[in-house]
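Descriptive structure summary
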Amino acid sequence: MSIVSIVTGLSFYCLLVILVHTSADFQCPCRCETKTGMTTVDCTNSDLYNKVPNLGPRDGSASLTRFKFVLFKNNQLTSIPAYAFRGLRIDSLRFTQNNLTSIHPDAFREMIKLSSLSLDSCGLTEVPDVFRNSPEIASLNFEDNKITNIPIGAFRYAKALQSLNLNKNPLTFTAGMFKGLEASLKKLDIAETNVEKVPTNALASLRNLRQLCLSGNRLLSVNTIFGSDSHDVTSRVGLKVEYDFSSNMIQDISVGAFRERPAPALLKLNNNNLKSLNFIGDPCFFNGTFLMLHGNDIKCSCQDYEINKYPDLTVMGACDILPAKCIDFHKDQKFDCACRKWHLANRYDIEKGTCPVKLTTTAGMPDGATPKVGFVESGADKPSMRLMNLTVHILILLRLSIFTI
């Protein structure tokens, strides 16, 4: 037998083995599609009852297939048994709109890298223990269930969880309910949970939270979000946060309500009962903020229209069209936020009031602070003074950027 014949035979044998293994690598109970090495199994509206179907190889071996999505939406599944997905590599697993009455503690045991799990609209009354065997889950969706209480320790194994959706659950918020998520959680959705005040006691420990949604609740006021002693703002410069308080009944907001952390990049207050912009206080604090105020009955004074002169604050839905009666007032008003930025850069408390503020003396400044000569009221006519003012501004911005880094 020639060498060519041997090589040809071995090649055919290897190809046959690969084809056989691939064909038996996983079972497809519904609609399956593979693109660029990722497989999607779509069992939506497939009349599945009771237990989930087996996706693994018939011989019980581990599957080499990587599943991007496995969807069991809108079926009649009532339970997820132990080792239901053993040996499977699934990125996103979704059980939306089922009636799950039983999820075995080992249901997701021996899975390979489950990163997203959706158990929304499944009739759950408590948070199942899904993290003990799948601590790598980064996104968890419990929206539209019947969960009323989350005991302390429910997330003790959730070391990688970054996004948690608890919308449309009749929750009771308690201190410690998010214990275990202090360092990892970045996004929390608690819309339509019927809360009447911001659950500060539950939120206080979430030091890395960047997105908070409290829309569609019964909030009447906002005094604080995380508690006045919960975090050191100066240690979190540069963190971009977003707050959604839309579609509540908010009538009053304290001036310092949003100063516990760096200024929000997006603040949604649309569709509430706000009457004024007094809560803004010093606009210089809202550096880079996009503020949405549509759907409120805000009566704007000429002073309120001045808010739109601050280049780092964008206000939409209120006081954004200057009336004729305020033209002269608007023309005479000047602003200069450099003084505020100086305070932030030096970790000093920002004094109440509005800019401009002169810092040419040590009066009213913290002990040991060095006065920054050159802050003058806007509108100075002397070219030398304007040049000095510009130079100081540049130096402060450089220092602020270095501090932020």
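For the structure itself, look to the data block above.
Conventions we followed
The written sequence of each chain sets the order in which its residues are numbered from 1. The model is predicted, so local features are restricted to residues of pLDDT at least 70 and side-chain atom pairs to those at 80 or more, both for listing and for counting; the totals for chains, interfaces and linings are taken over all residues. Just so you know, side-chain values use all the structure's heavy atoms and leave hydrogens and water out. By definition, any uninterrupted DSSP run of H or I lasting at least four residues is a helix, any uninterrupted run of E lasting at least two residues is a strand, and each is numbered from the N terminus. Accessible area is worked out with a 1.4 Å probe on protein chains only. A residue is then buried under 20% of its type maximum, exposed over 50%, and partly exposed in between. Note on contacts: a residue pair is in contact if any heavy atoms of the two residues lie within 4.5 Å. We call a pair of cysteine sulfur atoms a disulfide when they lie within 2.5 Å. At least two DSSP bridges between two strands are needed for those strands to be called paired.

A few words on the overall build of the protein chain. Helix and strand content of the protein chain: six helices and 18 strands. The buried share among the 405 residues of the protein chain stands at 43%. A sequence separation of at least 24 residues applies to 54% of the contacts in the protein chain between residues at least 6 apart.

Right, let's get into unusual backbone geometry. Residue Thr-36 is not a glycine yet carries a positive backbone phi of 45°. Following the sequence through the fold, Thr-36 ends up in the loop between β1 (31-35) and β2 (38-42). What makes Thr-36 exposed here is its relative accessible area of 81%. Backbone geometry at Glu-192 places phi at a positive 55°, although glycine is not the residue there.

What makes a disulfide is a covalent bond joining the sulfur atoms belonging to two cysteines. Inspection of the entire model under this criterion finds three disulfides. Residue pairing for Cys-28: its cysteine sulfur links by disulfide to Cys-32, the two sulfurs lying 1.9 Å apart. Every disulfide takes its handedness from the sign of the S-S torsion; for Cys-28 and Cys-32 that torsion is 110°, giving right-handed. Residue Cys-28 is classed as partly exposed on the basis of its relative accessible area, which comes to 39%. Between Cys-300 and Cys-319 runs a disulfide, and the two sulfur atoms are separated by 1.9 Å. Disulfide Cys-300 to Cys-319: torsion about the S-S bond roughly -90°, handedness left-handed. In this pair, Cys-300 sits in the loop between β17 (289-292) and α3 (302-305) while Cys-319 sits in the loop between β18 (313-316) and α4 (327-332), placing the two residues 19 residues apart along the sequence. Per residue, the accessibility class of Cys-300 equals that of Cys-319, and both read buried.

This next bit is on the sheet that holds strand β3 (residues 49-51). Strand order in the open sheet formed by three strands is β3-β5-β7, with parallel pairing between adjacent strands. Each edge of the sheet is formed by a strand with only one pairing partner; in this case those strands are β3 and β7 (102-103).

For the rest of this paragraph, the subject is the environment of Val-41. Among the secondary structure elements, Val-41 is positioned in strand β2. Overall, Val-41 belongs to the buried group, its relative accessible area being 0%. Residues Val-41 and Gln-27, spaced 14 residues apart in sequence, show a C-alpha to C-alpha distance of 9.8 Å.

What follows concerns the pairing of β1. Pairing of β1 with β2, which is carried by five bridges, proceeds in the antiparallel orientation. Residue pairing in the sheet places Thr-34 in a bridge with Thr-39 of β2.

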